[in-house]
Amino acid sequence: MNAASASQTTAATGDPADGLIAAAPVVLDVQAGKRMLFAIVAAGVFSLLACTAFYLFEIERLTRQQLAALAHHAGQTINATDLDWQRQARARIGPLATADGTRTSLSWHYDAGDGSIARVVGFRFADGHAASYRYPLDTAWLIASGRSDLRVFLAWRGHVLGSSLGEAGAGEAAALDTQLSGRIARHDELVVQAPMRWDELPDSPVLVFQQRLFLPFSLAEIALAGLFLWALLAATVWMSVGIWLNKALQQIQFMAYHDPLTGLINRAGLRVGLAHMLAESRRNQQLLVVFYLDLDRFKTINDSLGHAAGDLVLKEAARRLLACVRDSDFVARVGGDEFVVVVGELVDPNDAAAIARKIIASLAEPVAANGLRLQTGCSIGIATFSGSPSDPDSLIKQADSAMYAAKQEGRGRYHYYDESLGAKADQRLSLEMKLRHAMHAGAFALHYQPVVSRAGTTQLIGFEALLRWRDDDLDMAPDEFIPVAEESGLIVELGDWVLRTACRQMQSWRLRFAHAQTLSVSVNVSIRQLHAGDFAERVEHALADSGLPASALILELTESLYVDGHTAVPKTLLHLREIGVRLAMDDFGTGYSALSSLSRLPINRLKIDRSFVEHITDAPEELAIARSIIVIARQLGLEVVAEGVETEAQAKLLAANGCHVLQGWLFDHALCANDAERWIALPETSAHENAANAHLSRTATIPEASGA
């Protein structure tokens, strides 16, 4: 299984979490199906609305068209009847009708006896006399003028005088409303009605034409057209929206199981793929190996050169890792600079060592970025599976524990997992949880170890603040919990607390004791604190809040800080120097930095590590190293401090070689704030006596540590 195909594996496992991961594509498929169904239903609703709108529009158009035709037909019928009356009038009145007679009136008369209606016309003749002529309207013509598709009604003053239906239309005539014009519903059909008055008289009869609305289509045909339109739209949705949804689903699935930067599978995809390979290994009784690796120096590159350079390194690391394994294996990115390589079908567990060496050698090659050759590497933890009960999370956890052990041994190494590493990992996790609880509970305290000058008399010049933690009535050694705080990132918050507390305590002493104005307090600084980016600003805030002068604060840095040439560190240190804070290089001679770092970094003080002081009186080579450090410090104009001084002989030998600032159990342990005040309260001339009494009276030893 390669990196591209691992995410498509959805093999069932016994872990409920694996079931959730495997079910994720199914959930996405269901969601996509719901969206597709919604789109098809919407297309059906659109088809229904479109066909309904077309049907109503056509009915309205045909109604207007048919109404106009009926009105025209009604006008022709009235004109034809008028011509017939004119012929009858000429026949009856003869020449009088065409003489000099003038029409003076026009009215309609209704005879209730026989139900007939007549048109009455009044004339005045030339000889002065007047006469009126009544022209009865014979309704027999209604039947003659009607057609099978037409119904004609003659109405006057609300009475229907006749219809083209004869006696058969009496019921419809009784329900006739002559005021309606247009489309009306009659029984179960639509009818167009066109009423028209006989002439301009407001009391003239009304001729009403009715005709069934003619539709060139039926409702069934409209329904079939709607279904056809729906099918067409559904096919379009299926071909366009469906394809788009499928691509979106594939993209979502890819993002769910892959790292967007490197293209490798992510932690979720790793668990699915690893579960599948575990099942295959059990079935085929083959060896499976999990490599957990962490890039060395990546944080330095990312912080100093920016995220673009860091991303380039991660992409190149992914490419090289893929080149180190077969297509049947896969590589995953599970964290910022953490990768997991899963290799199956191995015969010998020792073959994993060869693969680990190959990966280490490949990642050790420089990476070209923006004209720079970035040097990185990796530490690898190895966990093997040979058929014993296990699960993906357990294997990954075992490989992670082995990787942590490899990093403890140094860079560019690999380490196999064993049971002791698992116990250590559990202890480390338990300790981290206790640390978090202790930070919120305020369970930490600062102790202060005196720093004295032996130039002539013993004189107190300051204190080093050391972190102490008492858990369940047991004193936790700083060497035990400080590395865990470093690894978990808690050291940043913890270090800020130490800095603020130490500044407040020293300022309190300076305000209470007049001769404490020359004292300083030293605080150890973690690499992670400096890499946080705003360390100088946090130091300024601590000084401002406490009121302590910047010159009274000394920050102690380990020389291993400079091994990667972190470009942001010198800028931070220069800023601190500009505001007056003094800087010391702690444990000088035990790290990896070159001597050239002393000339380019704004250091004020060098501290000789206790490992060189311990055997200075009986090991000439240790004395030679101490002398060399003292000479280097003098040549660079730096103050030199020896720590871990336990005997008077060591103190005298160091003083004889030019190192007069000393710190160690010879003078006193790290003391709580109240006990440390006795050093400040005594006159300077009594400091030597105080140191001697402390040396004679100490009964228990507390291991020294750098603290936070």
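Residues numbered from 1 in each chain as written. Predicted model: local features only at pLDDT ≥ 70, side-chain atom pairs only at ≥ 80, totals over all residues. Heavy atoms only, no water.

Asks: Would you mind showing me how to read helix α16 (residues 535–546) here?
Replies: The periodicity of an α-helix, 3.6 residues per turn, causes residues three or four positions apart to be oriented the same way. With 12 residues, α16 should cover 16 Å at 1.5 Å per step; its first-to-last C-alpha distance of 17 Å lies within 8% of that length. Every buried residue belonging to α16 is among Phe535, Ala536, Arg538, Val539, Ala542, Leu543 and Ser546, and all of these are buried. Down the axis of α16, the buried set is contained in an arc of 165°. They therefore lie on one face. Residues of α16 that are exposed and point more than 90 degrees away from the buried face comprise His541, Ala544 and Asp545. After α16 finishes, the residue Gly547 shows a positive phi value of roughly 85°. (Helix = DSSP H or I, 4+ residues; strand = E, 2+ residues; numbered from the N terminus. Expected span 1.5 Å × (residues − 1). Buried < 20%, exposed > 50% of the residue type's maximum accessible area, 1.4 Å probe, protein only. Arc of directions from axis to C-beta.)

Asks: What exactly am I supposed to notice about the sheet that holds strand β15 (residues 414–416) here?
Replies: Across a sheet, paired strands are connected by hydrogen bonds in the backbone, their directions being either parallel or antiparallel. A sheet is described by the order of its strands in space; here 5 strands give the open sequence β10-β11-β9-β14-β15, paired in mixed fashion. Single-partner strands in this sheet number two, and they are β10 (330–333) and β15. In this sheet, adjacent strand axes meet at a mean angle of 20° when their direction is disregarded. This element, helix α9 (residues 307–324), spans β9 (287–296), β10 and β11 (338–346) of the sheet and lies at about 5° to β11. Lying over the sheet, helix α11 (residues 392–409) contacts β9, β11, β14 (377–385) and β15, oriented at roughly 140° with respect to β14. (Pairing = 2+ DSSP bridges. Axes fitted to C-alpha atoms, helices over the stretch in contact; angles between N-to-C directions. Contact = heavy atoms within 4.5 Å.)

Asks: When you look at the sheet that holds strand β8 (residues 206–212) in this model, what are you seeing that I'm missing?
Replies: Strand order in the open sheet formed by 5 strands is β5-β4-β8-β7-β6, and the pairing between neighbours is antiparallel. Bordering the open sheet on either side are β5 (159–163) and β6 (182–186), each of which pairs with just one other strand. With strand direction ignored, the average angle separating the axes of adjacent strands in the sheet is 35°. Sheet topology places strand β4 (residues 150–156) next to β8; 6 bridges connect them, and they run antiparallel. Looking across to β8, one finds that Leu154 is bridged to Leu207.

Asks: Any chance you could explain the side chain of Asp609 here in plain terms?
Replies: For Asp609, the position within the fold is in the loop between β22 (605–608) and α19 (610–613). Despite its burial, Asp609 pairs with no opposite charge, the nearest such side chain being Arg610 at 5.1 Å. Side chain to side chain, Asp609 and Ser611 meet in a polar contact 2.5 Å long. (Lys, Arg positive; Asp, Glu negative; His and termini not counted. Salt bridge = Lys/Arg side-chain N within 4 Å of Asp/Glu carboxyl O. Polar contact = N/O pair within 3.5 Å; in protein donor to acceptor, adjacent residues only side chain to side chain.)

Asks: How do you make sense of a negative patch on the surface when you look at a structure like this?
Replies: A grouping of Glu614, Asp618, Glu621 and Glu646 is seen on the molecular surface, where their side chains present a negatively charged patch. Along the chain, Glu614 turns up in the loop between α19 and α20 (620–635). (Patch = residues over 30% accessible without salt bridge, like charges linked within 9 Å, V, L, I, M, F, W, Y side chains within 5 Å. Areas by Shrake-Rupley, 256 points an atom, 1.4 Å probe, with all protein chains shown as cover. Charge placed at Lys NZ, Arg CZ, Asp CG, Glu CD.)

Asks: Hey, could you run me through the nonpolar core in this one?
Replies: Among the nonpolar cores identified, the biggest contains 79 residues, and Phe463, Leu553 and Leu555 are the most heavily contacted of them. When residues of this core are assigned to their parent elements, the largest contribution, 9 residues, is made by helix α14 (residues 490–512). Grouped together as the second largest cluster of nonpolar side chains are 33 residues, Leu321, Val343, Leu346 and Leu374 included. (Core = buried A, V, L, I, M, F, W, Y, C linked by side-chain atoms within 4.5 Å.)

Asks: Just to check I follow, could you spell out unusual backbone geometry for this structure?
Replies: Negative phi characterises most residues that are not glycine, and trans characterises most peptide bonds. In this structure, Gln285 takes a positive phi of about 55° despite not being glycine. With respect to the secondary-structure elements, Gln285 resides in the loop between α7 (267–284) and β9. Classification of Gln285 as exposed rests on a relative accessible area of 74%.

Asks: Is there a simple way to explain the pairing of strand β2 (residues 116–124) in this structure?
Replies: The side chains of a regular strand alternate between both faces of the sheet. In terms of burial, β2 is a largely internal element, 8 of the 9 residues being buried. Pairing geometry for β2 and strand β3 (residues 130–137), over 8 bridges, is antiparallel. Looking at β3, one finds that Val121 is bridged to Tyr133.

Asks: Would you explain the packing of aromatic side chains in this entry?
Replies: Across all of its chains, the model carries 7 aromatic pairs by this definition. Plain terms: the ring middles of Tyr414 and Tyr416 are 6.4 Å apart, the flat faces sit at 80° to each other, and that makes the pair edge-to-face. The class of Tyr414 is partly exposed, set by a relative accessible area of 27%. Residue classification places Tyr416 among the partly exposed positions, given a relative accessible area of 28%. Between the aromatic rings of Phe444 and Trp469, the centroid separation amounts to 5.5 Å while the plane-to-plane angle is 45°, which identifies the pairing as tilted. On the criterion of sequence distance, the pair formed by Phe444 in strand β16 (residues 444–453) and Trp469 in strand β17 (residues 459–471) is long-range, its members being 25 residues apart. The pair formed by Phe444 and Trp469 is uniform in burial state, with each residue classed as buried. Counting every residue linked through ring pairs, the aromatic cluster contains Phe444, Trp469 and Phe481. (Phe/Tyr/Trp six-rings, centres within 6.5 Å; stacked < 30°, edge-to-face > 60°.)

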